[in-house]
Amino acid sequence: MATPKKTPLSRIRPSKRPTIAPPEKSPYSVTKSPTATSLKPAPIHLTHPDKILDTETQLTKQQLADYYWAIAPYMLPHISGRPISLVRCPEGSTETCFYQKHLTDTLPPGIEPIDIPNQRTGKPEPYITLSTPEALASLAQISVLEVHPWGSRNQDLEHPDRLIFDLDPDPSIPWPVLAASATEIRKRLQQLGLESFLKLTGGKGLHIVLPIQPEHDWATIKDFTHAFALEIEHSNPQLYLTKMSKAARKDRIFLDYLRNERGATAVAPYSPRARTGATIAMPLPWSDLKPNHKLAERPTFHAASFSDWKSRLHHDPWKQLPSLRQHLTPELLAQFKTSK
DNA sequence: GTTTTTC
DNA sequence: GAAAAACAACGCCCA
DNA sequence: TGGGCG
Ligand SMILES: [Mn+2]
Ligand SMILES: [Mn+2]
């Protein structure tokens, strides 16, 4: 019996193992719609195209490559020109996975290096970046189930232009409560004159993305998001907390401002997750959170059932994001400081 | 998944 | 030559 | 300082 190796991350190293054989046919890739068609195959080489990367949905490496190829026009605008970290699962989503952030010589062609100075030593290290649909699709060959971009661009690494308000709920938090919290945070930002964008993380939580002009350094941005999170926590300490420990999280939502830090990453929109079902980090229109909306439970999307949800792309809920030019003014920064 | 080390 | 092992991140926070 | 955490 193969004795598992150690790795720091519980989700990256799932504790559960499949105990029963998966069904021969999975409902996830079965298309009920008469108009749906199979995807165009990605024009890249795969060593084992039929290898299953997610047993729950029977997702194959070929399907993953075709998914990346098809989603590239929607995903690339949010990852190209940025350093990215990868989560690789050579034995599938239920087995040991690992992060890769450095460029190595065994990566597929089209993956590019971006040298980033180590914060402490100043020594440049080759990180990963990519900019083409081919390079994105080729991530399937190395079993990449998650793509995580930095919040800043290669050309201006020290000045973030994407802030993440990361809502990490205790499992006991009902979806309508989480949805109302996200809506409240959007409204608070709107009161500051800032529009923001929503996505499912593909796990239990939500990300609220605030695009800004790259005008401030990471320390400034981190302190702003920290102070903003603290204000929310103080407004309703029964529901929110800004401490990371899971023990203290019981029945609460952790406001994880630590995504807004040099070198930190957040899962990319439309990235699959390295978890059972290969769920998608899906952008949502804010209207999906309205109290009267049908969604009584958190919606879930799978990479393997892309053909069932690809029509959602007709209306890209993040369409306005890249063209917004929002500023964190000196007044706003002065209003949100952890020590004043 | 690939490369390096060991038998 | 085949099999096994090594390797593929990192840094903040707080007890 | 170690371990939890993402
Ligand atoms: Mn989260
Ligand atoms: Mn988080």
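A look at the overall build of chain A
Move 1: Along its length, chain A carries 6 helices and 13 strands.
Move 2: A total of 340 residues make up chain A; the buried ones form 49% of that total.
Move 3: Put simply, 73% of the contacts in chain A that link residues at least 6 apart link residues at least 24 apart.
Move 4: Of the roughly 16800 Å² of accessible surface on chain A, 55% is carried by carbon and sulfur atoms.

Re the coordination of the manganese ion (ligand 1)
Move 1: Within the first shell, the manganese ion (ligand 1) binds the protein through Asp166 (OD) and Asp168 (OD), at distances of 2.1 to 2.2 Å.
Move 2: Between the two metals, the manganese ion (ligand 1) and the manganese ion (ligand 2), the spacing is 3.3 Å, and Asp166 donates to both. The same class applies to Asp166 and to Asp168, which are both buried.

Regarding the coordination of the manganese ion (ligand 2)
Ideal coordination angles are 109.5 degrees for a metal with four donors arranged tetrahedrally and 90 or 180 degrees for a metal with six donors arranged octahedrally.
Move 1: For the manganese ion (ligand 2), the full set of protein donor atoms is Asp166 (OD), Asp168 (OD) and Asp256 (OD), and the range of their distances to it is 2.1 to 2.2 Å.
Move 2: Mapped onto the sequence, the donors of the manganese ion (ligand 2) take the spacing D-x1-D-x87-D.

Overview of the protein's contact with DNA strand B
Move 1: The local shell around DNA strand B consists of His48, Lys51, Lys61, Arg88, Pro90, Thr106, Gln141 and Ser143.
Move 2: Across the atoms of DNA strand B situated within 4 Å of the protein, the share located in sugar and phosphate is 86%.
Move 3: Here Lys61 contributes a side-chain N or O atom positioned 2.3 Å from a phosphate oxygen of DNA strand B.
Move 4: Looking at side-chain class alone, the surface near DNA strand B contains 1 nonpolar, 4 polar and 3 charged residues.

Considering the state of the cysteines
Move 1: Counted under the stated rule, the structure contains 1 disulfide.
Move 2: Between the sulfur atoms of Cys89 and its disulfide mate Cys97 the distance is 2.2 Å. Residues Cys89 and Cys97 are joined through a disulfide that is right-handed, its torsion about the S-S bond being 115°.

Looking at the sheet that holds strand E8 (residues 162-169)
Move 1: Read across the open sheet, the 6 strands follow the order E11-E12-E8-E10-E9-E13; overall the sheet is mixed. The sheet is open, and its two edges are formed by strand E11 (240-241) and strand E13 (283-284), each paired on a single side.
Move 2: Pairing of E11 with strand E12 (residues 253-256), which is carried by 2 bridges, proceeds in the parallel orientation. For Leu241, the partnering residue across the bridge sits in E12 and is Phe254.
Move 3: Strands in contact with helix H3 (residues 175-191) are E8, strand E9 (197-200), strand E10 (206-211), E11 and E12; relative to E10, the strand with the most contacts, it is inclined by about 10°.
Move 4: Against the sheet, helix H4 (residues 218-235) touches E8, E11 and E12, its axis set at about 35° to E8.

Regarding the side chain of Asp166
Move 1: Among the secondary structure elements, Asp166 is positioned in strand E8.
Move 2: For the buried Asp166, no salt bridge exists, and the shortest N-O distance to an oppositely charged side chain is 4.1 Å, to Arg259.
Move 3: Reaching out from Asp166, the side chain makes a polar contact with the side chain of His207 at a distance of 3.3 Å.
Move 4: Discounting residues that sit within four places of it in the chain, Asp166 has contacts with Leu206, His207, Phe254, Leu255, Asp256 and Arg259.

Some thoughts on the pattern of salt bridges
Move 1: One pass over the structure, following the stated rule, counts 12 salt bridges.
Move 2: For Arg82, the salt bridge is made with Asp161, and the minimal N-O distance between the two is 2.9 Å. One end of the pair, Arg82, is in the loop between helix H1 (61-79) and strand E3 (84-88); the other, Asp161, is in the loop between strand E7 (144-149) and E8, with 79 residues separating them in the sequence. Accessibility assignment for this pair places Arg82 and Asp161 in one class, buried.
Move 3: Sharing partners across several salt bridges, the network here consists of Arg82, Arg153, Asp161 and Arg162.

Cut-offs used in this document
- Residues numbered from 1 in each chain as written.
- Chains lettered and ligands numbered in written order.
- Predicted model: local features only at pLDDT ≥ 70, side-chain atom pairs only at ≥ 80, totals over all residues.
- Heavy atoms only, no water.
- Helix = DSSP H or I, 4+ residues; strand = E, 2+ residues; numbered from the N terminus.
- Buried < 20%, exposed > 50% of the residue type's maximum accessible area, 1.4 Å probe, protein only.
- Contact = heavy atoms within 4.5 Å.
- Areas by Shrake-Rupley, 256 points an atom, 1.4 Å probe, with all protein chains shown as cover.
- Donors = N, O, S within 2.8 Å, 3.2 Å for Na, K, Ca; no water.
- Near = heavy atom within 4 Å.
- Polar contact = N/O pair within 3.5 Å; in protein donor to acceptor, adjacent residues only side chain to side chain.
- Nonpolar A, V, L, I, M, F, W, Y, C, P; charged D, E, K, R; others polar.
- Disulfide = S-S within 2.5 Å.
- Pairing = 2+ DSSP bridges.
- Axes fitted to C-alpha atoms, helices over the stretch in contact; angles between N-to-C directions.
- Lys, Arg positive; Asp, Glu negative; His and termini not counted.
- Salt bridge = Lys/Arg side-chain N within 4 Å of Asp/Glu carboxyl O.

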